[in-house]
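This is what each chain is made of:
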Amino acid sequence: MPDVDVSSITLEEEDVVFEEDIIRNPYNLKSWLRYIEHKQSRKAPRPAINLIYERALKELPGSYKLWYAYLKRRRLHAKTKVITDPEYVKVNNAFERCLVFLSKMPRIWLDYGQFLVDQAMVTRVRHTLDRALRSLPLTQHDRVWPLYMKFIRAHDIPETGIRIYRRYLKLFPENGEDYVDYLKSINRLDLAAQKLADLLNQENFKSKHGKSHYQMWRDLCTLMSENPDKMKDMKVEAIIRCGLDRFSCEIGSMWCSLAQYQSRSGWFERARDVYEEAMSKVTTARDFGQVFDAYAHFEETVIEGKMSATSDGEVDEEDVEGALYPHGGASRQAQYQSRSGWFEKARDHPP
């Protein structure tokens, strides 16, 4: 029998009755189960019980009940040993033999997949779960995917994870937000922003986390504004302005995100233009206050940065002024003094 050492197994007197029964009825499942139960009650050695299981499965290879009980017994025994023990290989082989006859049983695939996950066999897990998806009908795929997704999130295999998630979303498109979270966790922020934008473009999309479209737009704006260097294939300004056109109030954070994107990209004059445009277009006191505070903080940061760089002698004052106020010539100092005066006035006399 496969994977069973029979050299030390002896037949006891009490076994004769059960042996005669299975000789008369080799295809009777109950006869085999009674024999197994008898051996377990007598606390027979593990190889002896495994031998009876193997004999039973030779006669009844399509019995789910026998295979499930046998594999469960073998798995529990293997888990008492180190992961490199040959017993793990024997159990894996037993699962493969089982799947020859029971490839349409999702529970067998799930137990096998989890057993391989416990062995940290990354490639084999992926191949096995792919085989499960090919073997099982589509209506049972929802039982396999949770284990597949848990496996992907637990291992650092980003490119493989992205491909598998794309397959997963074809069957479960409502879980797009989980894909966005996964992309953020592997630092693929450009793909995360693209997927979030795609979700927002779907008129019938509803967040499984209960987020409104406004909250999702704000998340998208924040993601793009905080990571401008990762958004090489995204038209960030156009996307944020599209969000501004969709909402009439509580858009102060979006304006701030647009200005922050410009400033993080090194375009300080564009950032100022955005702040000033925002202050002229917002319609609520809350939005105005939010933009005003962000504008004031931006100016304070720019001025402090200039003063710190010039006082330390690290950068020439004229070079700093040219970077911050790129209008050329003698107007740089005037621009600097004007901005300083504006900030002091705004700080002392807020609206």
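Structural data are supplied above this passage.
If you're wondering where the values come from, they're calculated on a predicted model, not measured in any experiment.

Cut-offs and rules
Residues numbered from 1 in each chain as written. Predicted model: local features only at pLDDT ≥ 70, side-chain atom pairs only at ≥ 80, totals over all residues. Heavy atoms only, no water. Helix = DSSP H or I, 4+ residues; strand = E, 2+ residues; numbered from the N terminus. Buried < 20%, exposed > 50% of the residue type's maximum accessible area, 1.4 Å probe, protein only. Contact = heavy atoms within 4.5 Å. Areas by Shrake-Rupley, 256 points an atom, 1.4 Å probe, with all protein chains shown as cover. Salt bridge = Lys/Arg side-chain N within 4 Å of Asp/Glu carboxyl O. Phe/Tyr/Trp six-rings, centres within 6.5 Å; stacked < 30°, edge-to-face > 60°. Lys NZ or Arg CZ within 6 Å of the ring centre and 35° of its normal. Core = buried A, V, L, I, M, F, W, Y, C linked by side-chain atoms within 4.5 Å. Arc of directions from axis to C-beta. Expected span 1.5 Å × (residues − 1). Polar contact = N/O pair within 3.5 Å; in protein donor to acceptor, adjacent residues only side chain to side chain. 1 Å grid on protein atoms, 1.4 Å probe; cavity = no way out; pocket = protein on both sides within 12 Å on 5 of 7 lines; lining within 4 Å. Points joined across faces, edges and corners; volume = space filled by probe spheres on them. Nonpolar A, V, L, I, M, F, W, Y, C, P; charged D, E, K, R; others polar.

A. Quick peek at the overall build of the protein. For the protein, the count of helices and strands is 18 helices and 0 strands. Burial analysis of the protein (351 residues in total) assigns 44% to the buried set. Contacts in the protein between residues at least 24 apart in sequence constitute 54% of all its contacts with a sequence separation of at least 6. Just so you have it, the protein exposes about 19100 Å², and 51% of that area is on carbon and sulfur atoms.

B. Seen up close, the pattern of salt bridges. Counted by the stated rule, this structure contains 20 salt bridges. When the shortest N-O distance is used, the salt bridge between aspartate 111 and arginine 107 registers 3.0 Å. On the criterion of helical spacing, the pair formed by aspartate 111 and arginine 107 is a turn pair, its members being 4 residues apart in helix H6 (residues 106–118). We classify arginine 107 as partly exposed; its relative accessible area is 30%. Among the charged side chains, a network of salt bridges with common partners joins Glu237, Arg241, Glu277 and Lys281.

C. Main features of the packing of aromatic side chains. Taken as a whole and judged by the stated rule, the model has 20 aromatic pairs. Ring geometry for tyrosine 88 versus phenylalanine 115: centroids 5.4 Å apart, planes at 15°, classification stacked. Separated by 27 residues along the polypeptide, tyrosine 88 in helix H5 (residues 86–101) and phenylalanine 115 in helix H6 bring together distant segments of the chain. Given the relative accessible area of 2%, phenylalanine 115 is considered buried. Each member of the aromatic cluster is reached from another via a ring pair, and the members are Trp145, Tyr148, Phe151, Tyr165, Tyr168, Phe172, Tyr179 and Tyr182. The ring of tryptophan 267 has arginine 270 lying over it, and the distance from NZ or CZ to the ring centre is 4.4 Å.

D. The nonpolar core, seen in detail. Within the largest apolar cluster, 94 residues are counted, with the highest numbers of intra-cluster contacts made by Trp145, Tyr148, Leu220, Met224, Met231, Trp255 and Val291. Take this core: its biggest share by element is 8 residues, from helix H11 (residues 189–200). Once residues lying within four places of it in the same chain are set aside, the contact partners of leucine 220 are Ala193, Leu196, Ala197, Leu200 and Ile239.

E. Examining helix H1 (residues 16–24) more closely. Residues of H1 that are buried: Glu19, Asp21 and Ile22. Each buried residue of H1 sits inside an arc of 160° when the element is viewed along its axis, so together they form one side. Exposed and facing more than 90 degrees away from the buried side of H1 are Val17, Ile23 and Arg24.

F. Broad picture of helix H15 (residues 268–281). End to end, H15 covers 20 Å across 14 residues, agreeing with the expected 20 Å (1.5 Å per residue, within 8%). Those residues of H15 not exposed but buried are Glu269, Ala271, Arg272, Val274, Tyr275, Ala278 and Met279.

G. Representation of the environment of arginine 42 within the structure. Topologically, arginine 42 is positioned in the loop between helix H2 (29–41) and helix H3 (46–59). Its relative accessible area of 47% is what places arginine 42 among the partly exposed residues. A distance of 3.3 Å separates polar atoms of two side chains, one belonging to arginine 42 and the other to glutamate 14.

H. Up close: the side chain of aspartate 21. Along the polypeptide, aspartate 21 turns up in helix H1. Every residue in contact with aspartate 21, bar those within four places of it in the chain, is listed here: Ser31 and Arg34.

I. Focus on the layout of surface pockets. Its volume calculated, the largest pocket comes out at about 210 Å³. What lines the largest pocket is a set of 11 residues, among which Ser263, His297, Phe298, Thr301 and Val302 lie closest to the centre. Secondary structure elements with two or more residues in the lining of the largest pocket: helix H14 (252–264), H15 and helix H16 (285–311). Partitioning the lining of the largest pocket into residue classes produces 6 nonpolar, 5 polar and no charged.

J. Structural detail: unusual backbone geometry. One non-glycine residue with positive phi stands out, namely lysine 43, at about 55°. Assignment of secondary structure puts lysine 43 in the loop between H2 and H3. Its relative accessible area of 75% is what places lysine 43 among the exposed residues. Although it is not a glycine, alanine 120 adopts a positive phi angle of roughly 60°. Note on placement: alanine 120 falls in the loop between H6 and helix H7 (122–135).

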